[in-house]
Amino acid sequence: MEYFTYMLECSDGTIYTGWTINLNKRLAAHNAGKASRYTRSRLPAKLLYFERYTEPSAARKREVEIKKLTRAQKKALANTKE
């Protein structure tokens, strides 16, 4: 099974970070206003960046690491290719 850590760019320019087992379903849920309170009021959200993992703990750990980055660091990470 695959796990994903991802970043979304919201309509107001903010960056949301999360993890999931189904990236497409999670993105659809965000844009339907059903995935998180944060993105619900900042729609639409577009996928900015993601990473794949084979263990859920690795995806969650990376989510925490990314959340600690500055906005500039997140944007720089998003400009790299997986």
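These numbers come from a predicted model, not from an experiment.

To continue, consider the overall build of the protein. Each helix and strand counted, the protein has four helices and three strands in total. The N-to-C order of helical and strand elements in the protein reads β-β-α-α-β-α-α. Rg of the C-alpha trace for the protein: 12 Å, near the compact-globule value of 12 Å for 82 residues, within the 12% margin. Each of the three principal axes of the protein carries a C-alpha extent, and together these read 30 × 30 × 20 Å.

To continue, consider the side chain of arginine 62. Assignment of secondary structure puts arginine 62 in helix H3 (residues 56–67). A polar side-chain atom of arginine 62 sits 2.9 Å from a polar atom in the side chain of glutamate 51.

A few words on the packing of aromatic side chains. Summed over the entire model, instances satisfying the criterion amount to four aromatic pairs. Ring centres of tyrosine 6 and tyrosine 16 lie 6.3 Å apart, and the angle between their planes is 40°; this geometry places the pair in the tilted category. Highlighted residues: tyrosine 6 in strand S1 (residues 3–9) and tyrosine 16 in strand S2 (residues 15–20), separated in sequence by 10 residues. Between the NZ or CZ atom of arginine 60 and the centre of the ring of tryptophan 19, over which it lies, the distance is 5.2 Å.

Overall, antiparallel pairing links the three strands, which are arranged S2-S1-S3 in an open sheet. What marks the edges here is a single partner per strand, and that holds for S2 and strand S3 (46–53). Strand after strand, the sheet turns through a mean of 20° between neighbouring axes, direction not considered. Both S1 and S3 contribute to a ladder of seven bridges, which runs antiparallel. Note on S3: the bridge partner recorded for phenylalanine 4 is arginine 52. Sitting on the sheet, helix H4 (residues 71–78) is in contact with S1, S2 and S3, with an inclination near 115° to S1.

Let us look at H4. What H4 keeps buried is the set Lys74, Leu77 and Ala78. In a view along the axis of H4, the buried residues occupy a sector of 100°, so they form one face of it.

Once that is clear, we can look at the pattern of salt bridges. Tallied over the full model, the rule gives seven salt bridges. Across the pair lysine 75 and glutamate 9 runs a salt bridge, and its minimum N-O distance is 3.3 Å. Of the two residues, lysine 75 is situated in helix H4 and glutamate 9 in strand S1; the sequence distance between them amounts to 66 residues. Note on lysine 75: relative accessible area 29%, which makes it partly exposed. For glutamate 9, a relative accessible area of 13% puts it in the buried group. A salt bridge links aspartate 12 to arginine 42, with the shortest nitrogen-to-oxygen separation between them at 3.0 Å. Note that aspartate 12 is positioned in the loop between S1 and S2 and arginine 42 in the loop between helix H2 (37–40) and S3, a separation of 30 residues in sequence. Overall, the relative accessible area of 44% leaves aspartate 12 in the partly exposed class. Connected via shared salt-bridge partners are Glu9, Lys46 and Lys75.

Rules and cut-offs
- Residues numbered from 1 in each chain as written.
- Predicted model: local features only at pLDDT ≥ 70, side-chain atom pairs only at ≥ 80, totals over all residues.
- Heavy atoms only, no water.
- Helix = DSSP H or I, 4+ residues; strand = E, 2+ residues; numbered from the N terminus.
- Rg over C-alpha atoms; globule rule 2.2 N^0.38 Å.
- Polar contact = N/O pair within 3.5 Å; in protein donor to acceptor, adjacent residues only side chain to side chain.
- Phe/Tyr/Trp six-rings, centres within 6.5 Å; stacked < 30°, edge-to-face > 60°.
- Lys NZ or Arg CZ within 6 Å of the ring centre and 35° of its normal.
- Pairing = 2+ DSSP bridges.
- Axes fitted to C-alpha atoms, helices over the stretch in contact; angles between N-to-C directions.
- Contact = heavy atoms within 4.5 Å.
- Buried < 20%, exposed > 50% of the residue type's maximum accessible area, 1.4 Å probe, protein only.
- Arc of directions from axis to C-beta.
- Salt bridge = Lys/Arg side-chain N within 4 Å of Asp/Glu carboxyl O.

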